[in-house]
Each structure stands twice: as structure tokens, then as C-alpha cells.
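# Results of the structural survey
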Amino acid sequence: MSVVIDEQSRSMCCYGCQAVAQSIVDNGLADYYRSRDALPESPREAMPAVFEQMAMFDHAEFQKSFVKALGEHEREASLLLEGITCSACIWLNEQHIGRLPGVTAVDINYTSRRARVRWDESRIKLSDILRAVAAIGYRAYPYDAAKNEEISRKERREALWRLWVAGFGMMQVMMYAYPVYIANGDMTPDIESIMRWASLVLTLPVVFYSSAPFFRNAWRDLRLRRVGMDVPVALGVGAAFLASIWATLQQAGEVYFDSVTMFVFFLLGGRFLEMTARQKALSVTEALAKLLPAFAQKMPHFPVDRQTEQKMVSDLQVGDHLLVRPGEVLPADGRVVEGRSSANEALLTGESLPVSKEPGDAVTGGSINTDSPLVVRVEQVGEGTRLSAIIQLMERAAAEKPKIVELADRVASYFVGALLLVATLAAIGWYWVDPARALWITVSVLVVTCPCALSLATPVALTVAAGALARDGLLVTRGHAIETLARATHFVFDKTGTLTSGRMRLKETVALADFDRERCLQIAAALEFSSEHPIARALRHAVKVIDVPAIDVHAEAGRGVEGWIDGGRYRIGRPDYVLAMAEEGAGSLPDVYQEMLAAGETVIVLGGATGCLALFRIGDEIRPEASALIAALRSAGKSVVLLTGDAPTVAQRVAAELGIGAVHAGMTPQGKHDCVKALQAAGAVVAMVGDGVNDAPVLAQAQVSVAMGGGAQLARTQSDFVLLSENLAHLQQGVQRVGLALVVIRQNLWWSFVYNFVALPLAIAGYVTPWLAGIGMSASSLLVVLNSLRIQRMKAK
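Residues numbered from 1 in each chain as written. Predicted model: local features only at pLDDT ≥ 70, side-chain atom pairs only at ≥ 80, totals over all residues. Heavy atoms only, no water.

## Here we look at the overall build of the protein chain
A count of helices and strands for the protein chain gives 32 helices and 29 strands. Scored against the burial criterion, the 797 residues of the protein chain give a buried share of 52%. Considering only contacts within the protein chain whose residues lie at least 6 apart along the sequence, 68% involve residues at least 24 apart. (Helix = DSSP H or I, 4+ residues; strand = E, 2+ residues; numbered from the N terminus. Buried < 20%, exposed > 50% of the residue type's maximum accessible area, 1.4 Å probe, protein only. Contact = heavy atoms within 4.5 Å.)

Next comes the structure, spelled out in C-alpha cells:
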């Protein structure tokens, strides 16, 4: 690392110092190195506290909480940036960090100020990256919810103070400006001079304190040879203030102290409201991050001893037993060992009603125990918990920048450059036409058309939508997901576990021969006692207690199970397998078998030596909210397709019940993949809804995918959405919400362009004063934010 200074290559200790030194040279300030009379022995002596603090970030123990290892040398950190004021700040940091040797990727989310940075540890250290961020005027911290809340409070406090000073200054300056206006030239020169000097004194804190962020950010942008959002604002404020000082000193010309204080106040007011709305939009994500408690009540000797001891949640291990009292948050994923209660999982799944819990039921860390004490055995801790997986997926979505946001950012950056050119031409033109009006018209042009609304139009709407969807139980895991789902033309559904519950249920029992229904169920459940097949579980669930055990049980894969009960030999399974053991003349099926089979569900046979004893019809239940979802999609003009590996009779029955016209049955995973590919080739934008694991290939092929989120594979899903609640009504509401989000984004973009194209000619023509320009710019940004918040307030139809 080196910088050429006075034609000599000078070594640098880090990339941060290299960036600063290069900036000094690039801006023609190399005389600094010739004129200084002292040099510390090392940079650590110049800034010991800062350098020591940054060096700590390179220790493996320190990195545990916010750095992930992706390979032998590749690392990824989640950082929080302080000092971000607009989308131009995001672009600057991404470009600056991305050019560091060894940095492989960097993504920064404007709304949350979170950065995801990947680097090669063998080429660059994390501390070097943090120094490079500090070198361009920002600060980076390891992300954690408490630090984020602290920085947010600090931002709000500073913004309120600056706003208060600007407001107070504006009111006081207007008290001195108003008499001059109404005097209409009748005021004596000495009194008018006093008024001007008083206004100057009152404007000083507004310019040097309240406006400081505008000037600081503008100087940083110019020093780095780029144009950000604050450059035209700083030029406008600075030019009007300096011209007013000159007029005061010369006792001639116009002063604009009232306009300066007024539009600074309105600009800061708009930014404060925008910041408040942005932080509100992030409330769901931040609430999830802070959901787990810091401590848990561990029962170290359960069940022998029921004494508890307080333990850090981070120190819990799999197998620990915890006591969770009513009203407490479950600290980890586990299973109920003792007690009956209910758990509120609203923040995790979007389900508002508590879910009952009893011994053997799984519980999720982050949910709230509502009724009675529970003893829970820990099964997952740390990164393995469901809550951690949800947060990781939300972080992944926040870090990815959709193409529509990148396009808006590029347009905004070009727009600022064009604005400065137009303002320069307006100044020259008005100087020849009417020099007295040239300054304030130029200031108005600079301020009124600053493209803040354009830069906010898309990211704020997407952030609000993602937070609202998460509250509904539909988790966004990819940056492009909201926009693509809104544009989807075809919705393709898997059947089992998606449109149906995925849980087999005994729907009908027909007893034959001399055995009654209960006796047949007892025999079937006893034979299937040790099997984990879904059909076996359905039979066991139909019997409360198995009275007679089965012995000498053995199963034949794909055919059935055989065993002895009370001295008799029985089989259950496929008809040919069962009837093969029947005595001669007893190996036939009753007519009712074909009638049951026509219903489109699975029919299994129980038999013995005397032939067929019972028939069991077992089927998968259609989710109660599925028909409403399909009807809503069809009424919205979407095409609905059913892809399933089940038999055609089963698929057609489900499709007929739900009103789905296009059905493809008996499909292999490759067949599903090819079917979606064919739809895409015909111009369809496909949204695939599946179980997230078995449907992985087809989910990856679709432009946007939704995975049911009840499985254990949540952290490994590659889908764009996860339906955490597994409630299709939430997917229906989510489709409506993303549709509204796309409408809002278009409205925001149209408003931003229309406002700028209307305001610019009016300002050039001299119809917009500087203070009115400040109101216009602030109001346009605020309107974009308030319009985006409509997504949050949407009620499902």
C-alpha cells in the first residue's frame, strides 16, 4: 500500500490512511507534507484509541457474533453504518469499499443502514475495511439490535436539536425581516442596518450548526470527485448566506437570511419525518432481533430436583431442561416435557391466536408462554434455532438490492449533475436579464429540484412492504421478491403439503365379515405401531389406545405389513398382498372397494385367512383457506396450475374441488421443472408455491418462489418467500400487499419525476422563492414516505 507524494512512493500502514493521503494529493494539497514540522513515529501514536479499537475487530473471539466463515479464507460481516443520510451515501460506501483489494462483495441497505461485506482474510483484514470507511467520513460497527437502537436514538436526538435551532432561528429572523418588508423602503438606513445585523447573528447558528450535515456531506462528495444529494443544498444555502453577508457589509442589495433559515428548517423537518417513518418501517425486523431474552431458568437436575438457576441464553446447550413461566419468552427451540399451556407465536408466524402446547409438542424460541408453566427440553440453540434462521433470511433480503432500486439510484446521480448544470445556466441567464434576482432564483433551482424524493421512492416502499409481509407471516428472503411476485402471471402449486395439509387422515372405515369397525381399527393400528409411514400414523391417530399388541411383525416395502395378534395372522396394505394369504375362494374384493377408490384417495385393505376384513380410505385434507386463495388469484386475472406427483384421480379431485383448470399429475421433480420452463418460454412470469425441500429444483427455476415454512429446513431454503404460518390466507393477503407495493412504487416514481419537471421551469422562471423551494423539496420527500406507509395500513380484501 503506497501513495506517490512529490514524485516519491510513500508506504501507508493501512487502506484507510492510503485513502486519506490519496485524497490530499488528488485535491492539490500535497504542500501539507512539505510544510508540516512534526510526524508521529506511527499512526498509532496519533490516534491510539481509534486504532486499538479497530484492531480488536481482527480477533476471532471478537468476530464470533457478527462474522461468518464462508470458506477457508472468505468471511462475511454484518455491519451497521453511522452517518448515512441519502442513497448517494450508500453508493459512495459501496464503491469505496468494493475497490479495496480483497473485498469480494458489499451490499448496503439504505433503510436499515446495514452493510453485508465479504472479504478474503488472507488479503485484507476487517480493521482495514473499517478504517477505509472512517477515511471517507463514516463509522462502521458490528451489527446488533442494541447498538442499532442506540444509534437511532442518537440520530433522532441530534436531528431534533438541529431542527429546534433552525425553527427558533427562523422565527426570530422573521421578526426582524417582517418590519423591513412592510416598511416598503420607508425605514431609515440605520434601523435597517440594525435589522440586518441582528438577522445575521441569528442566522449564524442555523447555518453553522443546523446546516452542518449538508456542508459536511457536500464537502466529502466533492473531495471524492462525485456529486451527492447534499451538494445542491449546500451550494444554495451557502451562496444565499454569503451574498447576504456581503449585502450587510456593503449596506446595499438584498439579504436572504429569512429565506436561508426557513428552507433549512423545512429541509430538516422533512428529513426528520422521513427518518422517523424509516425507523417505524423497520420495527418488525428489529422486534425479531430483540425477541430472545438474555437469561433463562435452567433446571440442572430435572426431574430429580426441580431447583432452577439463572443461565445466559448464549450458554444453553442441547438437552438442557428449562422452566418457562407464564408471560415469559421461550429462550430456545425445544419440546415440552411437562405442563400444558399456549404459546403466542404472532411475531414469528403472523398467527394472532395462541397455539396450545402439551407434552411432546415442539416449541419455538421467541414465542411467549401465555397460560401455565412449562418444562422444555432444548433441541436447538444459537444459529440452529428457527428464529435465527428467520433473521438470517431477512438479513439476506435486506442486503440484496433490487434492479429497480439500482436504476433509481443511477437516475438520481445523473439528475444531480444535470441539475447543477441547469442552475449554472439559470444563474448566467438571469445575471444578464436581472442581476438582482439571479442569486435567489439560482438558489431556488438548486434546492427545489434536488432528487431526494426520487432516491426514496423505491427503497422506502420495499422496506415498508417487507415489514408488513413479515407481520402477516410471509417472510421476504430475496431483494427482488416483492417486485417479481407483483408481476407474476402464473401461480403454480404443488399439492401435498401446500394446497393440502400434508397430514394423512382416516376418512372412512368399512368393516366386513364378522369384525366391527373398532376391532378392525385396533388390529390395523397394532400392525402399524412401529411404522413412520404417513398412512400408518393416520391409522394410529384414529385409535386412542391400542388394546392388543402385534407380535412377529414384518413389513414388505411398498406392499404392506404382516403380524400375529391374539393367535391370528393378519396383513394390511395393497389388495394383492393382503389377499395372497387368504384361503382358497376368499381372495376377492367387495364392490365397495371400487366405489371408495373412485373418490380419488388411498384405499388400503386389512385381511386375514378368511379374506378381506376391512377397507380404510385415507386422504390428505385440503387446507380450508385454499379455495379462497385460488378464487382470489383467478379473479385477479392470474393463471393457476397444479403440479403433483400423485395419481391423476387424486389430482383431478383436488383440482375440481378448488376450481383449478390446468392439472399435471404423476410428475417427477424433473417433469415439474420442465413444465415451469415451458411456461416461461411462452412468456409467463411464474410464481411457484411448494414445500421448499422436495420442490427445490422447480422453486429455483421459477422467477419467484414461495416455500411453506413449517419444515426443519428453513435455514437452507433458497426460495424468495417463506410462508412461516403455513396459512394460505396470509399468502392471499401477501399477494394483495405486493400488488399495492408495486402500485405505490410507480406512484412514487411518477410523482418524483412530475414534481421535478414542473418545479424546475417554475423555479427558473422566478416563481419559486428559496423558502418555498425548501417547502417543496421537503414536501415531495415526505409525500413519498407517507404514500409508502399506505402499504403497512392495507386491509385484506
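## Regarding the state of the cysteines
Note on terminology: a disulfide is the covalent bond linking the sulfur atoms of two cysteines. What the rule picks out here adds up to zero disulfides. Cysteine Cys-520 is unpaired, with the sulfur of Cys-612 as its nearest cysteine sulfur at 8.9 Å. (Disulfide = S-S within 2.5 Å.)

## What to know about the sheet that holds strand S10 (residues 321-324)
Think of a sheet as strands paired side by side through backbone hydrogen bonds, with each pair either parallel or antiparallel. Here six strands make up an open sheet; going across it, the order is S9-S8-S10-S16-S11-S14 and the pairing antiparallel. Each having just a single partner strand, strand S9 (309-312) and strand S14 (362-363) make up the two edges of the open sheet. Bridging between strand S8 (residues 295-298) and S9 involves four bridges; their strand directions are antiparallel. In the strand pairing of S9, Phe-295 is matched with Met-312. (Pairing = 2+ DSSP bridges.)

## Details of the packing of helix H11 (residues 230-250) against helix H17 (residues 435-448)
Two packed helices can be described by the angle between their axes and the distance between those axes. One way to put it is that H11 packs onto H17 with a least axis distance of 8 Å and a crossing angle of 160 degrees. Of the possible angle classes, the one that applies to H11 and H17 is roughly antiparallel. Seen from above, H11 lies across H17 with left-handed handedness. Residues Pro-232, Leu-235, Gly-236, Ala-239, Ala-240 and Ala-243 of H11 pack against Leu-439, Val-443 and Leu-446 of H17. Residue composition of the contact of H11 with H17, grouped by class: eight nonpolar, one polar and no charged. (Axes fitted to C-alpha atoms, helices over the stretch in contact; angles between N-to-C directions. Parallel < 35°, antiparallel > 145°, perpendicular 65-115°, else oblique. Left-handed = near helix turned anticlockwise from the far one by under 90°. Nonpolar A, V, L, I, M, F, W, Y, C, P; charged D, E, K, R; others polar.)

## Here's the deal with the confidence of the model for the protein chain
Overall, the prediction assigns the protein chain a mean pLDDT of 79, with 82% of residues at 70 or greater. Confidence, read as mean pLDDT per element, is least for helix H3 (residues 43-46) in the protein chain (39) and greatest for helix H26 (residues 626-635) (92). (pLDDT = per-residue confidence, 0-100.)

## A few points about the nonpolar core
Core analysis: the biggest nonpolar cluster contains 56 residues, and Ile-482, Phe-493, Leu-499, Phe-721 and Leu-731 have the highest contact counts within it. The greatest single-element share of this core, amounting to ten residues, is contributed by helix H30 (residues 728-764). Setting aside its immediate chain neighbours within four residues, Leu-499 contacts Phe-493, Asp-494, Ile-622, Arg-623, Ala-626, Ile-630, Leu-642, Leu-658, Ile-660 and Leu-728. Core analysis: the second largest hydrophobic core is formed by 44 residues, Val-207, Val-255, Tyr-256 and Val-260 among them. (Core = buried A, V, L, I, M, F, W, Y, C linked by side-chain atoms within 4.5 Å.)

## Notes on helix H27 (residues 648-658)
Side chains three or four residues apart in an α-helix point the same way, a direct result of the helix having 3.6 residues per turn. The complete set of buried residues in H27 reads Val-650, Ala-651, Arg-653, Val-654, Ala-655 and Leu-658. Phi turns positive, to about 80 degrees, at Gly-659, one or two residues after H27.

## So, unusual backbone geometry
In this structure, the amide linkage connecting Phe-302 to the following residue, Pro-303, adopts the cis form with an omega of 5 degrees. Note on placement: Pro-303 falls in the loop between S8 and S9. Despite not being glycine, Asp-552 shows a phi value in the positive range, around 50 degrees. By the secondary structure assignment, Asp-552 is in strand S20 (residues 551-556).

## Considering the sheet that holds strand S15 (residues 368-369)
Read from one edge to the other, the open sheet built from three strands follows the order S13-S12-S15, with strand pairing classed as antiparallel. Each of the sheet's edge strands pairs with one partner strand only, and the pair in question is strand S13 (355-357) and S15. Bridging between strand S12 (residues 341-344) and S15 involves two bridges; their strand directions are antiparallel. Its bridge partner being in S15, Ala-343 is matched across the sheet by Asn-369.

## What to know about the packing of aromatic side chains
Ring pairs (aromatic) are described by centroid distance and by the angle formed between their planes. Under the defined criterion, the tally for this structure stands at eight aromatic pairs. With centroids separated by 6.3 Å and ring planes inclined at 85 degrees, the aromatic side chains of Tyr-431 and Trp-432 adopt a geometry described as edge-to-face. You can call Tyr-431 exposed: its relative accessible area is 52%. Judged by relative accessible area, which is 71%, Trp-432 ranks as exposed. Residues Phe-515 and Tyr-570 carry aromatic rings whose centres are separated by 6.5 Å and whose planes lie at 50 degrees to one another, so their mutual orientation is tilted. With a gap of 55 residues between them, Phe-515 in the loop between strand S19 (500-511) and helix H22 (517-527) and Tyr-570 in strand S22 (residues 568-573) connect regions that are remote in the sequence. The residue whose ring lies beneath Arg-162 is Tyr-209, and the NZ or CZ to ring-centre distance is 4.8 Å. The residue whose ring lies beneath Arg-571 is Tyr-577, and the NZ or CZ to ring-centre distance is 4.4 Å. (Phe/Tyr/Trp six-rings, centres within 6.5 Å; stacked < 30°, edge-to-face > 60°. Lys NZ or Arg CZ within 6 Å of the ring centre and 35° of its normal.)

## Some points on the packing of helix H10 (residues 212-223) against H11
The N-to-C vectors of H10 and H11 enclose an angle of 120 degrees; their axes lie 8 Å apart at closest approach. When the axes of H10 and H11 are compared, the pair comes out oblique. Like other packed secondary-structure pairs, H10 and H11 cross with a definite hand, here left-handed. Between H10, through Pro-213, Phe-214, Phe-215, Asn-217, Ala-218, Asp-221 and Leu-222, and H11, the contact on the second element is made entirely by Asp-230, Val-231, Val-233, Ala-234, Val-237 and Gly-238. A breakdown of the residues in the contact of H10 with H11 according to their chemical character gives nine nonpolar, two polar and two charged.

## Here we look at the pairing of strand S27 (residues 686-690)
Of all five residues in S27, five are buried; the element is thus mostly enclosed. Relative to S27, strand S18 (residues 490-494) runs parallel, the two being bridged by four bridges. What sits directly across from Val-492, in S27, is Met-688. In this sheet, strand S28 (residues 704-708) lies alongside S27 in parallel orientation, the contact comprising four bridges.

## What to know about the side chain of Arg-617
Secondary-structure assignment places Arg-617 in strand S24 (residues 611-622). What Arg-617 contacts, discounting residues up to four positions off in sequence, is Arg-505, Leu-506, Lys-507, Glu-508, Met-596, Ala-599, Glu-601, Thr-602 and Val-603.

## Points about the pairing of S24
The buried count for S24 comes to eleven of twelve residues, which makes it a mostly enclosed element. In terms of strand pairing, S19 meets S24 through eight bridges, oriented antiparallel. Bridge pairing links Met-504 to Asp-620 in S24. Hairpin connection, strand S23 (residues 602-608) to S24: the antiparallel pair is bridged by two residues.

## Quick notes on the pattern of salt bridges
Counted by the stated rule, this structure contains 22 salt bridges. In this structure, Asp-320 engages Lys-298 in a salt bridge whose closest nitrogen and oxygen atoms are separated by 3.6 Å. Of the two residues, Asp-320 is situated in the loop between S9 and S10 and Lys-298 in strand S8; the sequence distance between them amounts to 22 residues. Here the salt bridges do not stand alone but share partners, grouping Arg-335, Arg-377 and Glu-379 into one network. (Salt bridge = Lys/Arg side-chain N within 4 Å of Asp/Glu carboxyl O.)

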